[in-house]
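Report on the structure
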Amino acid sequence: MWGEDTIVDLIRHGEPRGGRMIRGQGVDHPLSPLGWEQMWAAVGAEAPWDQILSSPMARSRAFACELAGRHGLPLAIDPELREIAMGAWEERRPLELMHAEPAAFAAFRRDPLANRPPGGERLEALQARIGRAYERQIAAYPRRHLLIVCHAGVSRAIIGHVLEAPPQHWYRIRIDYAGLTRIRHDRFGRSLEFVNAERARS
């Protein structure tokens, strides 16, 4: 029966202030006005979730707090859901890196597992951290409908974990600002139902 399933919705934060740039753990910009609009448009007026979980970073946490308060939903902040660290490339723009460090940036695009930004978190470490956090939260909230407010890197890692896809392929997944992803856990196992939906679904 559907009521016995665990449903996990992921939503990437909206656009942060400063526009498009490389942001990991080292840059904690708040959402821009457009980012707030994107998030409210994505979740809509209804709140089908039983529990909200969030990254501790401002661009996710602030909206999660507002959403939980608006609908009287419980909220838990999980430090392990923070974004991947991007080292020396934090707060730099891809176009800038293409010109300033063309070889390193091209190598990263070809093989992000083997060619991390200087000082950046290894994808294997992200894989372990996010896999551990996800399994812990699924165990804590069985047969519930969860919303995880997080980041592109975290969303890719959760999708990769659920699909058992190796991390070198995660960057093939595009995760839009305020894009919604759904994972269902039922008696047949785990399934990815959609990625980058524009509106929440019951």
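Our structure is the block above this text.
Being a predicted model, the structure only gives us computed values, none of them experimental.

Here is what the cut-offs are and how they apply
Residues numbered from 1 in each chain as written. Predicted model: local features only at pLDDT ≥ 70, side-chain atom pairs only at ≥ 80, totals over all residues. Heavy atoms only, no water. Phe/Tyr/Trp six-rings, centres within 6.5 Å; stacked < 30°, edge-to-face > 60°. Helix = DSSP H or I, 4+ residues; strand = E, 2+ residues; numbered from the N terminus. Buried < 20%, exposed > 50% of the residue type's maximum accessible area, 1.4 Å probe, protein only. Lys NZ or Arg CZ within 6 Å of the ring centre and 35° of its normal. Contact = heavy atoms within 4.5 Å. Pairing = 2+ DSSP bridges. Axes fitted to C-alpha atoms, helices over the stretch in contact; angles between N-to-C directions.

1. Overview of the packing of aromatic side chains
Per the counting criterion, the structure on display carries 6 aromatic pairs. With a centroid separation of 5.4 Å and an interplanar angle of 75 degrees, the aromatic rings of F108 and Y171 are classed as edge-to-face. Of this pair, F108 sits in helix α4 (residues 102–110) while Y171 sits in the loop between α6 (152–163) and β5 (180–186), and the two are 63 residues apart along the sequence. Its relative accessible area of 34% is what places Y171 among the partly exposed residues. We note R201 situated over the ring of F194; from NZ or CZ to the ring centre the distance is 4.1 Å.

2. Some thoughts on the environment of H161
As for its position among the elements, H161 is in helix α6. Put simply, H161 and I22 are 139 residues apart on the chain and 23 Å apart in space, counted from C-alpha to C-alpha. Not counting residues within four places of it along the chain, the set of residues in contact with H161 comprises G131, Y134, E135 and R190.

3. Looking at the sheet that holds β5
Ordered in space as β3-β2-β4-β1-β5-β6, the 6 strands form an open sheet in which the pairing is mixed. Each of the sheet's edge strands pairs with one partner strand only, and the pair in question is β3 (75–77) and β6 (189–197). When the angles between neighbouring strand axes are averaged without regard to direction, this sheet yields 20 degrees. Relative to strand β4 (residues 145–150), strand β2 (residues 51–54) runs parallel, the two being bridged by 4 bridges. What sits directly across from Q51, in β4, is L146. The sheet strands contacting helix α2 (residues 58–71) are β2, β3 and β4, and the helix crosses β2 at an angle near 165 degrees.

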